[in-house]
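Structure assessment
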Amino acid sequence: MIRNAIESLALAVALAGSLVLATQDAPNDDFDALKYVDPLIGTANGGAAGSRMCSRMDHRWRTIGHVFAGATLPFGMAKAVADTIGENQAGFAYDTSFVSGFSHMHDSGTGGSPSLGNFPIFVQSACPNDDINQCKWQMHDRAVRWRRDSPQARPGYFGISLDNGVHAEMTTTNRSALYRFTFNETSGTLSPVILVDLMDLPQSRSKGTAHVDPSTGQLRGNGTFNPSFGIGSYNLHFCVDFRGAELRDTGVWVKNRANFSRETVHLRADGTNTAASLFAGTFARFKSPKDRAILARVGVSFMSDEQACVNGEREQPDFDFDGTVAAAESAWKKKLNVISVDAEGVSSDLQTVFWSGAYRSLISPQDYTGENPLWKSGEPYYDSYYCIWDSYRSIHPLLTLVDPLSQSLMMRSLIDIYRHEGYLPDCRMSLCKGFTQGGSNADVLVADAYLKKVQDIDWNTAYEAIVKDAEVEPRNWNVEGRGGLHSWKSLGYIPTDDYDPYGVGTHTRSISRTVEYAYNDFCIAEVAEGLGHHEDYEKYTGRSGNWIHMFKADQKSSIKGVDTNFTGFLQPRYTNGTWGYQDPILCSPLLNFSSCYLNPQGHETYEGSAWLYTFYAPHDMASLIKTLGGPESFTSRLTFLHESGLLYVGDEQAFLTVYQFHYSGRPALSAKYSHSYIPSQFNTTVPGLAGNDDSGAMGSFIVLSMMGLWPVPGQDVYLITPPYFKEVSIRNPLTGHVATIRNVNFDPSYKSIYIQSVRLNGKPWHQNWLRHSFFAEGGVLELELGETESEWGTHLEDLPPSLSDNHT
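Reading the values: the criteria
All residue numbers here refer to positions counted from 1 along the written sequence of the relevant chain. Residue-level local features of this predicted model are given only where pLDDT is at least 70; pairs of side-chain atoms are given and counted only at 80 or more, and the full residue set underlies all totals for whole chains, interfaces and linings. Derived side-chain values reflect all non-hydrogen atoms in the structure, with water molecules and hydrogen atoms excluded from consideration. Think of it this way: any DSSP run of H or I at least four residues long counts as a helix, any run of E at least two long counts as a strand, and we number them from the N terminus. Radius of gyration means the value over C-alpha atoms here, while the globule rule gives 2.2 Å times the residue count to the 0.38 power. For each residue, the accessible area found with a 1.4 Å probe, counting protein chains only, is set against the maximum for its type, and the residue is called buried under 20%, exposed over 50%, and partly exposed in between. Note on definitions: a residue-residue contact is assigned when non-hydrogen atoms from the two residues lie within 4.5 Å. The method behind every accessible area is Shrake-Rupley, applied with a 1.4 Å probe, and residues are considered shielded solely by the protein chains displayed. Charged residues are defined here as Lys and Arg on the positive side and Asp and Glu on the negative side; His and the ends of the chain fall outside this count. For the purpose of locating charges, the reference atoms are NZ of Lys, CZ of Arg, CG of Asp and CD of Glu. Lining residues are those with an atom within 4 Å of a point, where the points come from a 1 Å grid over the protein atoms alone and group into cavities, where a 1.4 Å probe fits but cannot get out, or pockets, open sets with protein on both sides within 12 Å along at least five of seven lines. Grid points are joined across faces, edges and corners, and a volume is the space filled by probe spheres set on the points. Classification used: nonpolar for Ala, Val, Leu, Ile, Met, Phe, Trp, Tyr, Cys and Pro, charged for Asp, Glu, Lys and Arg, polar for all others including Gly. For helices, the fitted axis covers only the stretch in contact; all axes are lines through C-alpha atoms, and the angles between them, taken along N-to-C directions, range from 0 to 180 degrees. Any angle that falls under 35 degrees is termed roughly parallel, while one over 145 is termed roughly antiparallel, one within 65 to 115 roughly perpendicular, and all others oblique. By convention, the crossing between two helices is left-handed when the near helix turns anticlockwise from the far helix through less than a right angle, and right-handed when the turn is clockwise. Buried Ala, Val, Leu, Ile, Met, Phe, Trp, Tyr and Cys residues that are joined via side-chain atoms within 4.5 Å together make up what is termed a nonpolar core. Here the rule is simple: two strands pair whenever DSSP picks up at least two bridges between them. Think of it this way: a Phe, Tyr or Trp ring, Trp meaning its six-membered ring, pairs with another when their centres are within 6.5 Å, and the plane angle makes it stacked under 30 degrees, edge-to-face over 60, tilted otherwise. Our definition puts a charge over a ring when NZ of Lys or CZ of Arg is within 6 Å of the ring centre and also within 35 degrees of the ring normal. Disulfide: a pair of cysteine sulfur atoms within 2.5 Å of each other. How sure the predictor is of each residue is captured by pLDDT, a score from 0 to 100. Criterion for a salt bridge: a side-chain nitrogen of Lys or Arg within 4 Å of a carboxyl oxygen of Asp or Glu.

For the protein, the helix and strand inventory stands at 19 helices and 33 strands. A compact globule built from 808 residues would reach a C-alpha radius of gyration of about 28 Å, and the protein, at 27 Å, matches this within 12%. Principal-axis analysis of the C-alpha atoms gives the protein an extent of 80 × 65 × 55 Å. Burial analysis of the protein (808 residues in total) assigns 65% to the buried set. A sequence separation of at least 24 residues applies to 71% of the contacts in the protein between residues at least 6 apart. Here the protein displays about 26400 Å² of accessible surface, and carbon together with sulfur accounts for 49% of that area. Distance between charge centroids for the protein: 4 Å, based on 65 positive and 90 negative side chains.

On to empty space enclosed by the protein, then. Taken as a whole, this structure holds ten cavities of 30 Å³ or more when the rule is applied. Estimates place the volume of the largest cavity at around 150 Å³. As for the largest cavity, its lining consists of 17 residues, of which Tyr-392, Arg-393, Tyr-616, Gln-653 and Leu-656 are closest to the centre. Looking at the lining of the largest cavity, its residues break down into twelve nonpolar, three polar and two charged.

Let us now look at the packing of helix H10 (residues 459–471) against helix H13 (residues 534–543). Axis separation between H10 and H13 bottoms out at 13 Å; the angle between their running directions is 45 degrees. Relative to H13, the element H10 is oriented oblique. For H10 against H13, the interelement crossing comes out left-handed. Packed against H10, whose contacting residues are Tyr-463, Val-467, Ala-470 and Glu-471, the element H13 presents Asp-536, Lys-539, Tyr-540 and Arg-543 at the interface. Counted by class, the contact of H10 with H13 contains four nonpolar, no polar and four charged residues.

Here the focus is the nonpolar core. Counting 228 residues, the largest nonpolar core has Phe-102 and Phe-181 as the members making the most contacts within it. Ranked by the residues each element gives to this core, the list is headed by helix H12 (residues 510–531), at eleven residues. For Phe-102, the contacting residues outside a window of four places in its chain are Val-81, Ala-82, Asp-83, Phe-119, Pro-120, Ile-121, Ile-160, Leu-162, Ala-168, Met-170, Tyr-179 and Phe-181. In terms of nonpolar packing, the next biggest core, distinct from the first, is built from six residues, Tyr-157, Leu-295, Phe-319 and Phe-321 among them.

Read from one edge of the open sheet, nine strands run S6-S7-S8-S9-S18-S13-S12-S11-S16, paired in antiparallel fashion. Each end of this open sheet is capped by a strand with a single partner; those strands are strand S6 (152–154) and strand S16 (264–268). Strand-to-strand twist of the sheet, defined as the mean angle between neighbouring strand axes without regard to direction, takes the value 15 degrees. Note that strand S13 (residues 234–243) and strand S18 (residues 293–301) share seven bridges and pair antiparallel. Bridge pairing in S18 places Phe-238 opposite Val-300. Lying on the sheet, helix H4 (residues 321–335) is in contact with S6, strand S7 (157–161), strand S8 (166–172), strand S9 (176–183) and S18; it crosses S8 at an angle near 50 degrees.

This paragraph deals with the sheet that holds strand S27 (residues 718–720). Here we have three strands laid out as an open sheet, ordered S26-S27-S32, and antiparallel in their pairing. Two strands bound the open sheet, and with one partner strand each, they are strand S26 (709–711) and strand S32 (769–770). Looking at chain direction, S27 and S32 are connected through two bridges and run antiparallel. Each residue of the ladder has a partner; that of Leu-719, found in S32, is Trp-769.

Quick look at the packing of aromatic side chains now. Counting across every chain of the model gives 49 aromatic pairs. Each ring, one from Tyr-157 and one from Phe-321, has its centre 6.3 Å from the other, and the planes form 80 degrees; the classification is edge-to-face. Of this pair, Tyr-157 sits in strand S7 while Phe-321 sits in helix H4, and the two are 164 residues apart along the sequence. Plain terms: the ring middles of Phe-566 and Trp-611 are 5.7 Å apart, the flat faces sit at 85 degrees to each other, and that makes the pair edge-to-face. Note that Phe-566 is positioned in strand S25 (residues 562–570) and Trp-611 in helix H14 (residues 610–613), a separation of 45 residues in sequence. Side by side, Phe-566 and Trp-611 carry an identical accessibility label, which is buried. The ring of Tyr-157 carries Arg-154 above its face, with NZ or CZ at 4.2 Å from the centroid. The ring of Trp-389 carries the charged tip of Arg-393 above its face, separated from the ring centre by 4.6 Å.

Of all eleven residues in helix H17 (residues 667–677), nine are buried, a share of seventy percent or more. Three or more residues of H17 are buried, namely Pro-667, Ala-668, Leu-669, Ser-670, Ala-671, Tyr-673, Ser-674, His-675 and Tyr-677. In this fold, the buried residues of H17 make contact with helix H16 (631–643), helix H18 (697–707) and strand S30 (754–760).

Turning our eyes to something else, we now look at the state of the cysteines. Taken as a whole and assessed by the stated rule, the structure comprises four disulfides. Here Cys-127 engages in a disulfide with Cys-135; their sulfurs sit 2.0 Å apart. Here Cys-127 and Cys-135 share a disulfide; its torsion about the S-S bond, -105 degrees, makes the bridge left-handed. Numbered by order of appearance in the sequence, the disulfide-linked cysteines of the protein pair as 1-2, 3-4, 5-6, 7-8. Lacking any disulfide linkage, Cys-432 is separated from the closest cysteine sulfur, that of Cys-427, by 11 Å. The thiol of Cys-523 is not disulfide-bonded; the next cysteine sulfur, from Cys-387, is found 18 Å away.

The subject of this paragraph is the confidence of the model for the protein. Across the protein, the average pLDDT comes to 92, with 92% of residues at 70 or higher. Here residues 1–27 scores under 50 on pLDDT; set against residues more than four positions off or in separate chains, the count is 86 contacts. Across residues 46–62, where pLDDT falls below 50, the model places 60 contacts with residues more than four positions away in sequence or in other chains.

Before going further, it helps to spend a moment on the pattern of salt bridges. Under the defined criterion, the tally for this structure stands at 32 salt bridges. The closest approach of N and O atoms between Lys-539 and Glu-471, which form a salt bridge, is 3.2 Å. With a gap of 68 residues between them, Lys-539 in helix H13 and Glu-471 in helix H10 connect regions that are remote in the sequence. Residue Arg-666 is joined to Glu-789 by a salt bridge in which the shortest nitrogen-to-oxygen separation is 2.6 Å. Remark: Glu-789 occurs in the segment after strand S33 (779–786) and Arg-666 occurs in the loop between H16 and H17; sequence separation between them is 123 residues. Here Arg-666 falls in the partly exposed class, since its relative accessible area comes to 29%.

Counting through the fold element by element, Leu-760 comes out in strand S30. Given the relative accessible area of 18%, Leu-760 is considered buried. It is 26 Å that separates the C-alpha atoms of Leu-760 and Ala-447, two residues lying 313 residues apart in sequence. Not counting residues within four places of it along the chain, the set of residues in contact with Leu-760 comprises Trp-765, Phe-774, Val-780 and Leu-781.

Moving on: the pairing of strand S29 (residues 738–744). Relative to S29, strand S28 (residues 727–731) is paired through five bridges, and the arrangement is antiparallel. By the bridge assignment for S29, Ile-730 is matched with Ala-739. Between the end of S28 and the start of S29, which pair antiparallel, lie six residues, with Gly-736 showing a positive phi angle near 80 degrees. In the sheet, S29 pairs with S33 via six bridges, with the strands oriented parallel. In the sheet register, Ala-739 faces S33, and the bridge partner there is Gly-779.

Shown next as structure tokens:
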């Protein structure tokens, strides 16, 4: 669907719901949450660290946020920012020195190789000696230093000044970007040259075509590229129009030379010119602009060059830069209109941490509806799920609270992908299948949405899809479904020496895949029970207990030769039932932290240690606690995990461990460790994230933690801890009902963070958890706080539900 700017923004807001962050000590109409959003948080200290495919440094030394700092709408496709040279997964990184271009599509917070960044444009105020051959064309040649004090980033806007005298500003609508290039007074004689490069950030282009219209200067074209964390390829198209200066001449350029006589350039990598070396494109040169500024409008499309031009023309017919910025800010303010907080006494820094986390949680997945060339459908299409292994833990549970309509659209999109491609994705980007990191974790999203009554979902097809994950092994389980299903069904675990002639995939992660498959099956059982599939419920409930088959009861663990005094850990197991060995601390910050990734030598746990994965049985915590020696032993072990340096909170599977003290009757410790990570690992500095933001996973962890109710993904369970504010309210955008969590005796110095008693709608509440109905129906949860741990929420009947010992 093509929409003009106003229609596009209005529809985006209407479809996506709203999330406003406001203080109670000032009227909501007067509060501007955008003043507390800093898109530059998480854009630095990526230099020496790696990614999913590469090494990652201990978070104590270096973090790698890879956050998108540029201009975008909520869940928007177009994302404009300056691209810097260095570790530039999201385009701009603060710990860099040179800008090589400005591109129009990006992802945020991802690992792997850089993502998108296709068709960058670059501006030079004039060619030296007015000689076109003395201009700089290729990426490293044309790159210019950016001024350290110049970056300005806020929702819907990004600006930066370059040492070549160009001040670049950018904003976006849904399918187009608008740039304003202003030349300073010291630029000398102006005859600006603006080029477009048929390249992307990872330099993956295999072929491309660009054309320039010599009468108008319009630049248009397309290219074929590879996704950053998946298989296959995608085609993307662009269309650039200019306003503000009279056209002087046009042409094409290849490597370091321009040609006025040609209007079209065709590229295809061959044995001599690889994608990484063959830089080429088109350009337009202008006469001196009257007001020393030129506007460039870039439409993008996955459909065609023509569609890219139409997207730009329809969404930004007037080249109104200030108006487009204002419209984007309005869209963000309306999107940020269901949460209100009483921030009395709370530092400005902590408010910025909170609002910025909420903002980043609404950047992806991205709405590509109407831009999917793979199939025709009346359903929405969302992309950039990086990856559901990350996002199911916090992003989607947060969206279900604050933007249930967008969550519905995303779920419908996932189900439609199943209809057309045969499996639910575990990761997806740029219309391509992404790599599966563990289980089939879209199953968790389906269960979470089903239990929380997300609207307008075809539950029968959704159930068909998750059952297929559990029963039918795909030919390539690197990118969908599950591998090792024969062993899973016959042995009850994934052997480290698994023989699997039924599909192709990387035979690693036997421990982490086993515990994830177990939880995936539990989530299927929940949906089966609700839909009346009683035999399936029994089958998948039984299979959800398979995690225990990887538990070696006599396995010990030591750190630098010193016994940790804890016995019993998940361990690799062979097909014949005998045990293998992986040091329980391997792939923690204390031992070979970067050795558990998606490669043939990736070991038996993924992005974490056996120490960490031993805690993963969120559906049957009562059984896990009993297995680990009872509540006191479990609490001691979980405390050791957080205190010893074994845990890296910059990976999403660490999130739940912060709050698992609730299950052993020590909810006060959950509050304690939440405050130990915020703000120490999550703060307002440019490296202020513990790890890759992973499309907003870190941001949503912050928001949920600071709101005080941690959702257990895939279950109708919220674990109660005190908010970081005097009061937090969430207005359900569909029902209009308001849920308020209020701290009594709130202490902004955070010495009083322990719940003494709770009242729900005026009545005593002893359970340390509650259900989603609180948010759907509204109500008031009052938490009386004190400086010491109390007995609230500690008794057996107060604990969250568990499969083998349901206390509710």
